[in-house]
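Working through the structure, step by step
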Amino acid sequence: MSDEPLLSVRDLEVVFHTERERIHAVDGVTFEIREGQTVGLVGESGSGKSVTARSILGLVDEPGRIEGGEILYRGEDLTEDNWADHRGDIAIVFQDPTNSLNPVYTIGNQIEEALRIHQDLRGRAATDRAIELLEDVGIPDAPRRVDEYPHQLSGGMAQRAVIAMALACDPDLLVCDEPTTALDVTIQAQILDLLAELQAEQDLAILFITHDMGVIEDATDWVNVIYAGEVVERAPTEALFDHPAHPYTRALLESIPGRTDPDERLPTIEGEVPTPTGPATDCRFAPRCPEAFEDCRSVAPEHVSLDGDRSAACLLHDPARSDGGERQ
Amino acid sequence: MTAREDPVVSVQSLKTYYHDDSIVGAKPPVRAVDGVDLDIREGETVGLVGESGSGKTTLGRTIIGLADATDGVVEADGQDVTEFDAEQARDWQRRVGMVFQDPEESLNDRMTIGEIVQEPLKAHDWPVLTVAVEGDATVRGSGVRPAEPDETVDLTVGLDGDVTVRDELPLSADAVTAAVDRSGDAPTVDVTVEKSRAEIRRDRAFDLLDRVGLSEQHFYRYPHQFSGGQRQRIGIARALALEPEFVVLDEPVSALDVSVQARIINLLEDLQDEMGLTYLFIAHDLSIVRHIADRVAVMYLGNVVELGPTESVYADPHHPYTVSLLSAIPGSGSPWTGERITLRGSPPNPRDPPAGCPFATRCPAKIRPDDYDLPERTWRALDELRVVFRTRARAEASAAETIKRLIGLDVAGQDLRETVSDLLADHDLPPAAQSTVDAAVELAAGGDDDAAAEQLREAFGSRCDREHPEPYDGGEDRTSQCLRQEAEYDGVAETIRARQEDEP
Ligand code: SF4
Ligand code: SF4
């Protein structure tokens, strides 16, 4: 593992222009992934996590535009239109495998196409490699399945095929955007195991984008919590679950049903995730934050470094502003 | 929430099969529900969990009459719901409600919220007010009828003409007059309601919106103006419009963010307490079910394989499938303390379920025959091999393959042999076992995958492959359909742990 991060996203700004307003879907997101590491980006719908994922691949469509920040891949800024040079280095797996597969071509055709583009493999060599890839992702009877069409595969098998396709370009970084959300729990468990295995074997780095705290807990080494376009907390996964430092992280963890006694009401977060339409002038979580105080409505919190190589963007941790210092 | 014992609904040996209508007899039917027994008791929440294709939604739909049963009984008040005629079915529809998973799809975007919530009221000509009179009296009037015995009474009329209106109704006693005529043998009561049905319906809709945490101002808006959580509230208001006793909630929070989920779950619990509702809560998320359900029913391939009080089942699951599901809950939400059990493959095709235990193809605790002493991983490889043959036998052959088969060519024999040797690489089979496998491979290479699968089953199968387990009584109000409940076998959790230890 070198010192330089494999991917470094810095102050990323993605703005969607609509007739009436500018929506800052991603508003200054910063995080890093090192080689072979699994990093989570967790948040609710509208948090900007998927837009962040798409930005990394250069897949932000109109009316969205990357308007600021850098996405450094091995030090090279992709946002200066360098995506084409790194097409094969970063691959993405989306939530719904059926959207990623073309229904009129066989699984084999589609993987072979990826192999042709990224590895310059053709003919028998490509077919053999496609079969190997399907075997790598745990599809039984691969020599036969390679000739099947997407509709002949179950959801779990289709997602494996999509992962095989992603691996066809031999990437260093796999971006997984809710890869298991559409799947049943036992199939989800299989896919999580598979990703962990692939990672160990191929030293892949994985960016896991999900709303599921359970998946984050199982699958990642490091996690970034994103809220209304901003990363509000970053920490090693275990530390985050043991001591969430940001009130939003705490609230999110508490609202998971498994963590509350069944006889008690579930703790909730009232209100809705705001849509950021301008630069932050306050803490975007303040209207919903049980711990908000006066300054929260007039100051946009910066990340404050905390013990254990972690940080949180919350004024409670800013010794100059909060009376209590670090409350946990 | 303590449930009383009377079942609101009693499901007995229920089967719901789907046929392909397109080409008659082209394929065997999908056995979505394949012999289910389940009592749902008054005031309780039964969580119904299982994976997609397990039949849980079909079971819910069959109970409330949205899907036709193929066989068996759904009993309510001593009557069989599956045999209802049109009018009885309408009555039953009033007493049950359903909330769907996707609030986006289940709400008509061209109707206002007010119209959506009033839809069931209109469809059932609500309200026709039931009237009970002190003593024996004839009731007359438009929009009213005498209450049947045991029926909910909307208006209670005294012989002095005093009227009381049931609290739930958006109607004040002032708007109702009752004229009592005692000139005949039995008194006659003429009831006049000075509020139109349309007004009562509108006010009922206001009440419902209020109940689910929305307000009057939402009445005139359209579904697309609402967030997912709010839309689900609208769906709940609609399901409750006719004051059902029993509500089927089909994945009501699966499409929602966790923080929104929590609010909807709290709302459902409050409504249950206030209105004395009975719930069937269908979900694939086991943590939510643990939170909300008094009892849990675990479904696999059309069967309820385990049933019991939620806490007891989560603390000590009896069925290997339940153990697997619980262990698959990601993160610290899992009550299983051991290593996660990763099930192999996916559930079998419900058109063609296994002959024995439905879970036998994936079971981590499957009983092994005494004939061979093989490590568990070798048993699994052999199982997997059989699944490969079975899948091949069921797959639609491509045109080219069919032709090859017809003229007697080896069908992908080369590939098949490779697959088999890959599967069985690093397994040491005793010579007798090896020759059985070889013979099966030859059969499959010759195109007879069925016979190949059968041969393996004969040689390496166990009771699990032959017997469909009946529900065993596990005490404490629990049942499970697994042969390991029999005294001669080791327990399920114990077996799984022992096997996990043997494997790398
Ligand atoms: S800055 Fe204030 S409002 Fe924001 S999370 Fe911290 S305490 Fe809550
Ligand atoms: S009967 Fe056999 S296959 Fe079925 S669940 Fe029990 S042990 Fe597993």
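Residues numbered from 1 in each chain as written. Chains lettered and ligands numbered in written order. Predicted model: local features only at pLDDT ≥ 70, side-chain atom pairs only at ≥ 80, totals over all residues. Heavy atoms only, no water.

1. Regarding the site of ligand 2
Note the cut-off: The near set for a molecule or strand comprises every residue that places at least one heavy atom within 4 Å of it. When residue character is reported, Ala, Val, Leu, Ile, Met, Phe, Trp, Tyr, Cys and Pro are called nonpolar, Asp, Glu, Lys and Arg charged, and the others, Gly included, polar.
In the region of ligand 2, the neighbouring residues are His319, Pro320, Cys357, Ala360, Cys363, Ala365, Lys366, Cys464, Pro469, Cys482, Leu483 and Arg484 of chain B. Here the residues of the shell around ligand 2 are counted per class, giving 9 nonpolar, 1 polar and 2 charged.

2. Points about the packing of aromatic side chains
In this description, a pair of aromatic rings is defined by centroid distance and the angle of the planes. To keep things clear, this is the line we draw: Aromatic pairs are defined between Phe, Tyr and Trp rings, using the six-membered ring for Trp, whenever the two ring centres lie within 6.5 Å; interplanar angles under 30 degrees are classed as stacked, those over 60 as edge-to-face, and all others as tilted. Strands are runs of DSSP state E lasting at least two residues, helices are runs of H or I lasting at least four, and both sets are numbered from the N terminus onward. The cut-offs for exposure are 20% and 50% of the maximum accessible area for each residue type, with area from a 1.4 Å probe on protein chains only; residues under the lower value are buried, those over the upper are exposed, and the others partly exposed. Distance and angle both matter: a charge sits over a ring if NZ of Lys or CZ of Arg is within 6 Å of the ring centre and within 35 degrees of the ring normal.
Taken as a whole, this structure holds 10 aromatic pairs over all chains when the rule is applied. Judged by centre distance (4.9 Å) and plane angle (80 degrees), the ring pair of tyrosine 300 of chain B and phenylalanine 359 of chain B falls under edge-to-face. Placement of tyrosine 300 of chain B in strand 16 (residues 295-300) and of phenylalanine 359 of chain B in the loop between helix 10 (320-328) and helix 11 (376-394) is noted, with a sequence separation of 59 residues between them. Take phenylalanine 359 of chain B: its relative accessible area is 1%, and that puts it in the buried class. Consider the rings of tyrosine 372 of chain B and phenylalanine 460 of chain B, whose centres lie 5.4 Å apart with planes at 45 degrees: the pair is tilted. Separated by 88 residues along the polypeptide, tyrosine 372 of chain B in the loop between helix 10 and helix 11 and phenylalanine 460 of chain B in helix 15 (residues 449-460) bring together distant segments of the chain. Under the relative-accessibility criterion, phenylalanine 460 of chain B is labelled buried at 4%. Chaining the aromatic ring pairs together yields one cluster made of Tyr227, Tyr248 and Phe285 of chain A. The ring of tryptophan 336 of chain B carries arginine 497 of chain B above its face, with NZ or CZ at 4.2 Å from the centroid.

3. Section: the site of ligand 1
Residues in contact with ligand 1 amount to 13 residues; listed here are only the nearest, Cys283, Cys289, Cys296, Cys314 and Leu315 of chain A. Residues belonging to the shell around ligand 1 are distributed by class as follows: 11 nonpolar, 1 polar and 1 charged.

4. A closer look at unusual backbone geometry
Cis rather than trans, the peptide bond between glutamate 62 of chain A and proline 63 of chain A has omega equal to 5 degrees. For proline 63 of chain A, the location among the structural elements is in the loop between helix 1 (49-56) and strand 4 (64-73). Between tryptophan 126 of chain B and proline 127 of chain B the backbone carries a cis peptide bond, its omega angle lying at 0 degrees. Following the sequence through the fold, proline 127 of chain B ends up in the loop between helix 4 (113-123) and strand 7 (129-133).

5. Some points on the sheet that holds strand 6 (residues 96-99) of chain B
Residue and element names in this part refer to chain B. Quick note on the threshold: Here, a strand pair is defined by DSSP locating no fewer than two bridges between the strands. Lines fitted to C-alpha atoms define the axes here, with helix axes fitted over just the stretch in contact, and angles between the N-to-C directions of these axes take values from 0 to 180 degrees. Pairs of residues are marked as contacts when any of their non-hydrogen atoms sit within 4.5 Å.
Pairing in this open sheet of 8 strands is mixed, and the strands run 6-14-15-3-16-17-19-18 from one edge to the other. Here the strands that pair on one side only, and so sit at the sheet edges, are strand 6 and strand 18 (472-475). In this sheet, adjacent strand axes meet at a mean angle of 20 degrees when their direction is disregarded. Where helix 7 (residues 258-275) meets the sheet, it contacts strand 3 (45-49), strand 14 (246-250) and strand 15 (278-283), and its direction lies at approximately 160 degrees from that of strand 15.

6. Thoughts on the nonpolar core
Looking at soluble globular proteins, one finds that nonpolar side chains tend to be buried together. Rules: By nonpolar core we mean a set of buried residues, namely Ala, Val, Leu, Ile, Met, Phe, Trp, Tyr and Cys, connected to one another through side-chain atoms within 4.5 Å.
Membership of the largest hydrophobic core comes to 92 residues, with the highest contact counts inside it found for Leu155, Leu171 and Ile236 of chain B. The dominant element in this core, judged by the number of residues it contributes, is helix 7 of chain B, at 7 residues. Discounting chain neighbours no more than four positions away, the residues touching leucine 171 of chain B are Leu129, Leu155, Val165, Val176, Val193, Lys195 and Ile200 of chain B. Core analysis: the next-biggest nonpolar cluster, separate from the first, contains 40 residues, Val137, Met157, Ala158 and Cys176 of chain A among them.

7. Some words on the environment of glycine 68 of chain A
Structurally, the position occupied by glycine 68 of chain A is in strand 4. Apart from the residues within four sequence positions on either side, glycine 68 of chain A is in contact with Asp11, Leu12 and Glu13 of chain A.

8. What about the pattern of salt bridges?
Residue and element names in this part refer to chain B. Heads up, the condition is: Counted as salt bridges are all cases of a side-chain nitrogen of Lys or Arg within 4 Å of a carboxyl oxygen of Asp or Glu.
All chains considered together, the criterion is met by 50 salt bridges over all chains. A salt bridge links arginine 95 to glutamate 245, with the shortest nitrogen-to-oxygen separation between them at 2.8 Å. Separated by 150 residues along the polypeptide, arginine 95 in helix 2 (residues 86-95) and glutamate 245 in the loop between helix 6 (228-240) and strand 14 bring together distant segments of the chain. Using a relative accessible area of 24% as the deciding quantity, one classes arginine 95 as partly exposed.

9. Some thoughts on the domain arrangement of chain A
All names here are of chain A. Note the cut-off: Note that the domain bounds reflect an automated or database-derived domain assignment. As used here, buried area is the combined drop in accessible area, with a 1.4 Å probe, of two parts when they are placed together. N or O atoms within 3.5 Å of each other form a polar contact, as long as, within protein, one can give a hydrogen and the other can take it, and as long as residues adjacent in sequence are counted only when both atoms are side-chain atoms.
Annotation of chain A at the domain level lists domain 1 (7-89 + 171-317) and domain 2 (97-170). Between domain 1 and domain 2, the C-alpha centre-to-centre distance is 30 Å. The three residues of domain 1 that bury the most area against domain 2 are Pro171, Ile191 and Leu194, which together make up 36% of that side's buried surface. At the junction of domain 1 with domain 2, the criterion picks out 0 salt bridges. The interface formed by domain 1 and domain 2 holds 2 residue pairs in polar contact (both at pLDDT 80 or more) in total. With 7 residues, helix 7 (residues 185-202) is the single largest residue contributor to the side of domain 1 that touches domain 2.

10. Some remarks on the interface of chain B and chain A
Chain B puts 37 residues into the contact, and the matching count from chain A is 41 residues. Here chain B and chain A share an interface that buries about 3600 Å² over both sides, 49% of which is from carbon and sulfur atoms. For arginine 265 of chain A, the salt bridge identified is with aspartate 270 of chain B, shortest N-O distance 2.6 Å. The interface formed by chain B and chain A holds 16 residue pairs in polar contact (both at pLDDT 80 or more) in total. Of all the secondary-structure elements, those providing two or more residues to the side of chain B that touches chain A are helix 7, helix 8 (286-292), helix 10, helix 11 and helix 13 (413-424) of chain B. With 7 residues, helix 7 of chain B is the single largest residue contributor to the side of chain B that touches chain A. Looking at side-chain class alone, the side of chain B that touches chain A contains 11 nonpolar, 13 polar and 13 charged residues.

11. Quick look at the sheet that holds strand 5 (residues 76-77) of chain A
All names here are of chain A. Strand order in this open sheet of 4 strands is 2-1-4-5, and the pairing throughout is antiparallel. Each edge of the open sheet is held by one strand with a lone partner, namely strand 2 (22-33) and strand 5. Pairing between strand 4 and strand 5: 2 bridges, direction antiparallel. The residue of strand 5 that forms the bridge with leucine 72 is aspartate 77. Running over the sheet, helix 1 touches strand 1 (7-17), strand 2 and strand 4 and is turned about 115 degrees from strand 1.

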